[in-house]
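Residue-level structural notes
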Amino acid sequence: MRLERQEHSITYISIAMMLIAFWFVFVYSKTDGIELVTQYLHYCGLGILGAIFANSTGAGGGVIFIPAFNSLGFSNEQSLATSFAIQCFGMTTGAISWLHYYMQSQKQQWQQLPLLLAILIPLSIAGLWTVEALNISSINNLEQSFSLFSIALGCALLFNHFNHSNKRNSSQPTFSIKKADLVILGAITYFGGMITAWLSVGVGELIVIYLLLKRVEATLAVATGVIVTAATVWSTAGLHFSANSDTYFSVVAVAAPGAVLGALMAKKLALFLPIKTLKLFFAAWIILSGVAILIME
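Note that this is a predicted model, so its numbers are computed, not measured. (Residues numbered from 1 in each chain as written. Predicted model: local features only at pLDDT ≥ 70, side-chain atom pairs only at ≥ 80, totals over all residues. Heavy atoms only, no water.)

Details of the overall build of the protein chain
Summing up its helical and strand segments, the protein chain has 13 helices and zero strands in all. Counting from the amino terminus, the protein chain carries its helices and strands in the arrangement α-α-α-α-α-α-α-α-α-α-α-α-α. Counting every position in the protein chain, which comprises 297 residues, the buried fraction comes to 52%. Carbon and sulfur atoms form 64% of the exposed surface of the protein chain, whose accessible area is close to 13700 Å². (Helix = DSSP H or I, 4+ residues; strand = E, 2+ residues; numbered from the N terminus. Buried < 20%, exposed > 50% of the residue type's maximum accessible area, 1.4 Å probe, protein only. Areas by Shrake-Rupley, 256 points an atom, 1.4 Å probe, with all protein chains shown as cover.)

Structure, rendered in structure tokens:
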């Protein structure tokens, strides 16, 4: 058992080092050097904040990044591309952290995770690339509609939580994968991938909400949302890291390491919080983020 944990730790460190190496190559190839990067140093804090909430709730960092970039005068294309690029670092670090936690201590408790990932990751990527390949435009006022939808789901999650809290054994997870659950969750994930293509956020939030409403263990729900989101944003790397992209590379160069740091902190936060508190934290976060996006509109 100890040898197995050491092997997982070595793998975890190796992947983290590869991510850091990729970041250094990215900085020196896409910016005018460290002097230019230092002008955007304050974005590191934004990366940390976005990644903490994204990786402790599974909702994705776009909730933080898109309103912030829009308020700074970025075009919609720049905001979207930059958010995707930063999440490639932050969500990937979070996904590695959760997978490492699963391999070390949760294999027996999270037996559903491999099946969930095998089904949901391709569907999320397919939803995103349906939008990209067919160049499907978003509906009018998508941000407002998704914000209202998030607020409604957050309130439903709070109601569900307090309703079950008044019942015996409400804290025990009862979720088991059934065909109907997989069909519904698969459809939600595909639709979430489409929303993510338009907003850089959506699929992780929808996955976590559905799993929590089905009373799956909160940390498993969050881990699933984070890992699916990480795979989804990386499927766009060829678009958002290319020389012709709309990505604001100088911002990414300093926000990305902040996102990595925030992602490492996020898993510890999620595991530190009691399960009930984590559920409430997630519900409150998506309600507040929905309100924030409405205000920014």
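Next, the rest of the story.
Description of the side chain of Thr-82
When you line up the elements, Thr-82 lands in helix α5 (residues 76-106). There is a polar contact of 2.9 Å between the side chain of Thr-82 and the backbone nitrogen of Tyr-248. (Polar contact = N/O pair within 3.5 Å; in protein donor to acceptor, adjacent residues only side chain to side chain.)

Here's the deal with the pattern of salt bridges
Taken as a whole and assessed by the stated rule, the structure comprises one salt bridge. Measuring nitrogen to oxygen at the nearest pair gives 3.3 Å for the salt bridge that ties Lys-214 to Asp-181. Here Lys-214 is found in the loop between α9 (203-213) and α10 (218-234), whereas its partner Asp-181 is found in helix α8 (residues 179-199), with 33 residues between them in sequence. (Salt bridge = Lys/Arg side-chain N within 4 Å of Asp/Glu carboxyl O.)

Some thoughts on α10
Compared with an ideal rise of 1.5 Å per residue, which puts 17 residues at 24 Å, α10 spans 25 Å between its outermost C-alpha atoms and is within 8% of the ideal. Counting buried residues in α10 gives 15 out of 17 residues, a clear majority hidden from the surface. (Expected span 1.5 Å × (residues − 1).)

Side note on the environment of Phe-74
Relative to the elements of secondary structure, Phe-74 occurs in the loop between α4 (62-71) and α5. Residue classification places Phe-74 among the buried positions, given a relative accessible area of 10%. For the pair Phe-74 and Tyr-248, spaced 174 residues apart in the sequence, the C-alpha separation amounts to 8.9 Å. For Phe-74, the contacting residues outside a window of four places in its chain are Tyr-43, Phe-69, Ser-79, Thr-82, Tyr-248 and Val-251. (Contact = heavy atoms within 4.5 Å.)

Some remarks on unusual backbone geometry
Even without a glycine there, the phi angle at Ser-200 is positive, about 65°. For Ser-200, the location among the structural elements is in the loop between α8 and α9. For Arg-215, which is not a glycine, the phi torsion comes out positive at approximately 70°. Relative to the assigned elements, Arg-215 resides in the loop between α9 and α10. The buried category is assigned to Arg-215, whose relative accessible area is 15%.

Details of the packing of α5 against helix α12 (residues 249-272)
The geometry of α5 relative to α12 is characterised by a closest axis approach of 8 Å and an angle of 30° between their N-to-C directions. Between α5 and α12, the angle falls in the class roughly parallel. For the pair α5 and α12, the sense of crossing is right-handed. Residue-level inspection shows Thr-82, Ala-85, Ile-86, Phe-89, Gly-90, Thr-93, Gly-94, Ser-97, Trp-98 and Tyr-101 of α5 in contact with α12, the latter providing Val-251, Val-252, Ala-255, Ala-256, Ala-259, Val-260, Ala-263, Leu-264, Lys-267, Ala-270 and Leu-271. (Axes fitted to C-alpha atoms, helices over the stretch in contact; angles between N-to-C directions. Parallel < 35°, antiparallel > 145°, perpendicular 65-115°, else oblique. Left-handed = near helix turned anticlockwise from the far one by under 90°.)

Considering the packing of helix α6 (residues 113-134) against α10
Interaxial distance between α6 and α10 falls to 9 Å at its minimum, and their mutual angle equals 40°. On the basis of the axis angle, α6 is oblique to α10. Where α6 crosses over α10, the handedness of that crossing is right-handed. In this structure, α6 contributes Leu-113, Leu-116, Leu-117, Leu-120, Ile-121, Ser-124, Ile-125 and Leu-128 to the contact, and α10 contributes Leu-220, Thr-224, Ile-227, Val-228, Ala-231 and Thr-232. Class assignment for the residues of the contact of α6 with α10 results in 11 nonpolar, three polar and no charged. (Nonpolar A, V, L, I, M, F, W, Y, C, P; charged D, E, K, R; others polar.)

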